[in-house]
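This is what each chain is made of:
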Amino acid sequence: MEQKKRSISVRLNGKERHVQERTVAATNEKEDNQYAFIPPPDNVIDFGEKQEVRQRNEQPYWDDGNREKSPKIPYKRKKKPHSQSQTFPYMLVAALGSAIIVGVSLGLVILNMFTGNDMNVSQMSEQSTGAVPTFSEEKEGMPNLAIEVVQGAAFTELDQAEKSVQSIQEQGFAATITTSTDPIYMFIGVAGDRAQATKINEIYEGYGQDTYLKSYRVEGDHITGQAQEVYEWFTNALTLYYDMVQLSIDGLNGGTMITNERIEQLSASIDSLQEERNQAFAQLNEEVQPLALTIGDQLITAKDHLKDFTNAADEEKLWKGQQTLLESITTYEELIQAMR
């Protein structure tokens, strides 16, 4: 085999210099090519492998087999279904129910205040119109008179009771005695409620008068068979009576409720009531009519005393008003007894 001698020279600055010299043996190219390694081509496609990958990709990725795209969640963990239903608003329903109950209860209370028979003085004070209220509902029986009184004493003898009444009146106060009770009671003040009666009681205690507070009622609802006009007239009369009781107590305690405007409204209501008196009293028998007329006159007299107080600011006028209002109690009691 021939050897070929090869050399490498470098020319530097116009001079040729030998740098390396290597002898390479010549080989038989045919012989060398026969045993040379030929790398396999890298562009050969394996259809079997492609078919296997395709089959794997077609199966569900959550299959238990060996999957390249297996889920990253724990095995057998189930996703909670999303609920489509909404929670029932119990709190809203409860709030609406409470509001309805409160509204109905308040309405019933207000209805009873303006339509009930036993109306207290604080309810009467809310009436600011001059018109007399009318009652369209059919009712039986006479209205009840329920008041608070200041009792000065109790007697078994009429003469002794009358002397005590006269003595108190001479001092400028009010006093009257009952005619149908045993023992005989001497009342020296009338009020719409216990708080007002306490105020009168304090006035008398300042003068050394023995007093006793008590509730007093004249029951009239058991009297039936009266005409509707009679019932309406006395119901309206007692409404005005309660109003005047409150105004007299307010004046005795230096209040501001008793004004000219309030007295004018009261006068208009009493005048309207008196216009209906003849028609209503025509339904009563002759024995009862005088007592009914007396009650009507007492309302007018009590109103005049209150009016005089607003004009002169004289406390004596208020005690005269108390006197008339006390006498109305016994008059109404005699009326109810006469209707039996």
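Residues numbered from 1 in each chain as written. Predicted model: local features only at pLDDT ≥ 70, side-chain atom pairs only at ≥ 80, totals over all residues. Heavy atoms only, no water.

Quick look at a nonpolar patch on the surface now. On the surface, a nonpolar cluster with roughly 290 Å² of combined accessible area is contributed by I100, V104 and L108. In this structure, L108 sits in helix 3 (residues 90-115). Residue class for L108 comes out partly exposed when judged on its relative accessible area of 48%. (Patch = residues over 30% accessible without salt bridge, like charges linked within 9 Å, V, L, I, M, F, W, Y side chains within 5 Å. Areas by Shrake-Rupley, 256 points an atom, 1.4 Å probe, with all protein chains shown as cover. Salt bridge = Lys/Arg side-chain N within 4 Å of Asp/Glu carboxyl O. Helix = DSSP H or I, 4+ residues; strand = E, 2+ residues; numbered from the N terminus. Buried < 20%, exposed > 50% of the residue type's maximum accessible area, 1.4 Å probe, protein only.)

Moving on: the pairing of strand 3 (residues 145-155). Among the eleven residues in strand 3, eight count as buried, and that is most of the element. Judged from the seven bridges that link them, strand 3 and strand 6 (residues 212-218) form a sheet pairing that is antiparallel. Its bridge partner being in strand 6, E148 is matched across the sheet by S215. Alignment of strand 3 against strand 5 (residues 184-191), held across seven bridges, turns out to be antiparallel. (Pairing = 2+ DSSP bridges.)

Another aspect to go through is the confidence of the model for the protein chain. For the protein chain, the average pLDDT comes to 78, and 67% of its residues sit at 70 or higher. The element-level mean pLDDT for the protein chain is lowest in helix 4 (residues 121-124), coming to 41, with strand 4 (residues 176-177) highest at 96. Taken as a whole, residues 116-137 scores under 50 in pLDDT and shows 41 contacts with residues more than four places along the chain or in a different chain. (pLDDT = per-residue confidence, 0-100. Contact = heavy atoms within 4.5 Å.)

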